[in-house]
Amino acid sequence: MRIECILDRNRFLMIEYIRNECMRGLMNEMARNKYPEMTVEKILDVSKRLFLEKGFDNTTIQDIVDGLDGLTKGAVYHHFKSKEEILDALGNSMFFEDNPFTLIESRTDLSGLEKMREVIRLYHSSREREELSRQSVPLLKNPRILAGMLESDRTVLAPLWLRLMEEGNRDGSIHTEFARELSQVIPMLTGLWLAPSVYPASKDEIRQKLRFIARLLESMGVPLVDDGMMALMNQILDRFEGI
């Protein structure tokens, strides 16, 4: 009888332990899911710091988890399938936090063409954003990220460029009948086509691509890349290593 009581007590304690652990896990999961946007923000903040400090290639998912103060690897993978997806989401987050198109939208001292140039200058004025853009993601091995970039180009950047193109046509700073088409082409040319992870190229070859883009836009009535803009592009390119 005594042995049976001990066994019953041990069984009861084990059941209680399992129940408590399950409840603790459930409560943690509910806490994470109650404010998913806060969890994502925390993951992005820690990832940003680590990518800037250690570099994308030298940062592991476990490094990110270790910096999250209690969040688990499962919580990270619940929101992001890979480290590459985190970097992609971080780039989008930084863009919308400091959207150059929004910053110049209400400026009345600039023509449409000048606003386009200012958008490029403002975008590259953030050293953190520039540093993260150096962290090369193998896009061809990450079709989900590649598809996401194309979707962002189509639904976000193209309409923003079109707005400036139409403004330039109205104020006479540009003269093009291909405003819609160019607004769709510019994000692809300056994004995917210039990305060494998609089209491997040396610095000299990228400079040649920039001259091609300048000539193409000018022939279409949009002299976007003047001497000052080309000098800026060369300065940015000179800061990139490993190309």
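Quick caveat: nothing in here was measured; it's all calculated off a predicted structure. (Residues numbered from 1 in each chain as written. Predicted model: local features only at pLDDT ≥ 70, side-chain atom pairs only at ≥ 80, totals over all residues. Heavy atoms only, no water.)

Notes on the packing of helix α7 (residues 112-123) against helix α12 (residues 227-239)
The cut-off we apply is this: Each axis is a line fitted through C-alpha atoms, and for a helix only the stretch in contact is used; angles between axes span 0 to 180 degrees, taken between their N-to-C directions. The secondary structure listing takes helices from DSSP runs of H or I that are at least 4 residues long and strands from runs of E that are at least 2 residues long, numbered from the N terminus. Angle categories are assigned with fixed cut-offs, so that under 35 degrees is roughly parallel, over 145 is roughly antiparallel, 65 to 115 is roughly perpendicular, and the rest are oblique. Handedness of each helix crossing follows the sense of rotation of the near helix against the far helix: counterclockwise by less than a right angle gives left-handed, clockwise gives right-handed. The contact definition used throughout considers only heavy atoms, calling two residues in contact when any of these lie within 4.5 Å. Three residue categories are used. Nonpolar comprises Ala, Val, Leu, Ile, Met, Phe, Trp, Tyr, Cys and Pro, charged comprises Asp, Glu, Lys and Arg, and polar comprises the others, including Gly.
Between α7 and α12, whose axes approach to 11 Å, the crossing angle comes to 15°. It follows from the interaxial angle that α7 and α12 lie roughly parallel. Once α7 is placed against α12, the crossing between them reads as left-handed. Every residue of α12 that contacts α7 at Arg117, Ile120 and Arg121 is listed here: Met229, Leu232 and Met233. Each residue belonging to the contact of α7 with α12 can be placed in one class, and the counts come to 4 nonpolar, no polar and 2 charged.

Side note on the confidence of the model for the protein chain
For clarity, the threshold we go by: Here pLDDT means the predictor's own confidence in every residue, given as a number from 0 to 100.
With 81% of its residues at a pLDDT of 70 or more, the protein chain has an overall mean of 83. At the low end of the mean pLDDT range in the protein chain sits helix α1 (residues 2-34), at 46; at the high end sits helix α11 (residues 203-219), at 96. Note on residues 1-13: pLDDT under 50 across the span, and 0 contacts to partners over four residues away in sequence or across chains. Throughout residues 15-32 the model reports pLDDT below 50, and contacts reaching past four residues in sequence, or to other chains, amount to 4 contacts.

Section: the packing of aromatic side chains
To be explicit about the condition: Pairing of aromatic rings covers Phe, Tyr and the six-membered ring of Trp, with a centre-to-centre limit of 6.5 Å; geometry is then stacked below 30 degrees between planes, edge-to-face above 60, and tilted otherwise. Two conditions define a charge located above a ring, namely a distance within 6 Å from the ring centre to NZ of Lys or CZ of Arg, and an angle within 35 degrees of the ring normal.
In the structure shown here, the tally under the stated rule is 4 aromatic pairs. Seen from the ring of Phe56, Lys83 lies directly overhead, with NZ or CZ sitting 4.4 Å from the centre. The aromatic ring of Trp193 is capped on one face by Lys209, whose charged end is 4.7 Å from the ring centroid.

Things to note about α12
Put simply, the test is: Expected span of a helix: the number of residues minus one, times 1.5 Å. Each residue is placed in one exposure class: buried if its accessible area under a 1.4 Å probe, protein chains only, is under 20% of its type's maximum, exposed if it is over 50%, and partly exposed if it falls in between. The arc under discussion is defined with respect to the helix axis, by the directions toward the C-beta atoms.
The end-to-end C-alpha distance of α12, which contains 13 residues, comes to 19 Å, matching closely the 18 Å that a straight helix rising 1.5 Å per residue would cover. Among the residues of α12, those classed as buried are Met229, Met230, Leu232, Met233, Ile236 and Leu237. Buried residues of α12, viewed axially, fall in a sector of 160°; they line one side.

Regarding a negative patch on the surface
For the record, the criterion: Each patch is built from salt-bridge-free residues with over 30% relative accessible area, joining like charges within 9 Å and nonpolar side chains (Val, Leu, Ile, Met, Phe, Trp, Tyr) within 5 Å. Calculation of accessible area relied on Shrake-Rupley with a 1.4 Å probe; when residues are assessed, cover is drawn exclusively from the protein chains displayed. Salt bridges are identified by distance alone: a Lys or Arg side-chain nitrogen within 4 Å of an Asp or Glu carboxyl oxygen. A residue counts as positive if it is Lys or Arg and as negative if it is Asp or Glu; His and the chain ends are not included. Charge placement uses NZ in Lys and CZ in Arg. For Asp and Glu, CG and CD serve respectively.
There is a patch of like negative charges on the surface, built from Glu37, Glu41, Asp45, Glu97 and Asp98. A total of 3 residues in the negative patch trace back to one element, the largest contributor, which is helix α2 (residues 36-54). A relative accessible area of 64% means that Glu97 is categorised as exposed.

Looking at α11
For α11, which comprises 17 residues, the first-to-last C-alpha distance of 24 Å matches the rise-based estimate of 24 Å (1.5 Å per residue) to within 8%. Buried residues belonging to α11 abut α10 (179-193) and α12. With its phi angle positive at about 90°, Gly221 sits one or two positions after the end of α11.

Points about the pattern of salt bridges
Scanning all chains against the criterion turns up 10 salt bridges. Between Arg107 and Asp109 there is a salt bridge, with its nearest N and O atoms 2.7 Å apart. Using a relative accessible area of 30% as the deciding quantity, one classes Arg107 as partly exposed. The partner of Arg121 in a salt bridge is Glu118, with the nearest N and O atoms 3.7 Å apart. Highlighted residues: Arg121 and Glu118, both in helix α7, separated by 3 residues, approximately one helical turn. A residue is classified by how much of its surface remains accessible, and Arg121, at 35% relative accessible area, is partly exposed. It is possible to trace a salt-bridge network through shared partners that takes in Asp204, Arg207 and Asp238.

Section: the packing of α10 against α11
Put simply, α10 and α11 touch, their axes get as near as 11 Å, and they point 175° apart. Of the possible angle classes, the one that applies to α10 and α11 is roughly antiparallel. Mapping the contact onto sequence places Leu182, Ile186, Leu189 and Trp193 in α10 and Lys209, Phe212, Ile213, Leu216 and Leu217 in α11. Classifying every residue of the contact of α10 with α11 gives 8 nonpolar, no polar and 1 charged.

Quick notes on the nonpolar core
Within soluble globular proteins, side chains that are nonpolar tend to cluster in buried spots. How we decide: The set of buried Ala, Val, Leu, Ile, Met, Phe, Trp, Tyr and Cys residues whose side-chain atoms join them within 4.5 Å is what this entry labels a nonpolar core.
By size, the foremost hydrophobic cluster in this structure holds 33 residues, and its most contacted members are Met116, Met165, Val222 and Leu224. When contributions to this core are tallied by element, the ones reaching two or more residues are α6 (100-104), α7, α9 (143-171), α10, α11 and α12. Here the element with the most residues in this core is α12; it accounts for 6 residues. Ranked by size, the runner-up nonpolar core spans 19 residues in total, among them Val46, Leu68, Phe80 and Leu87.

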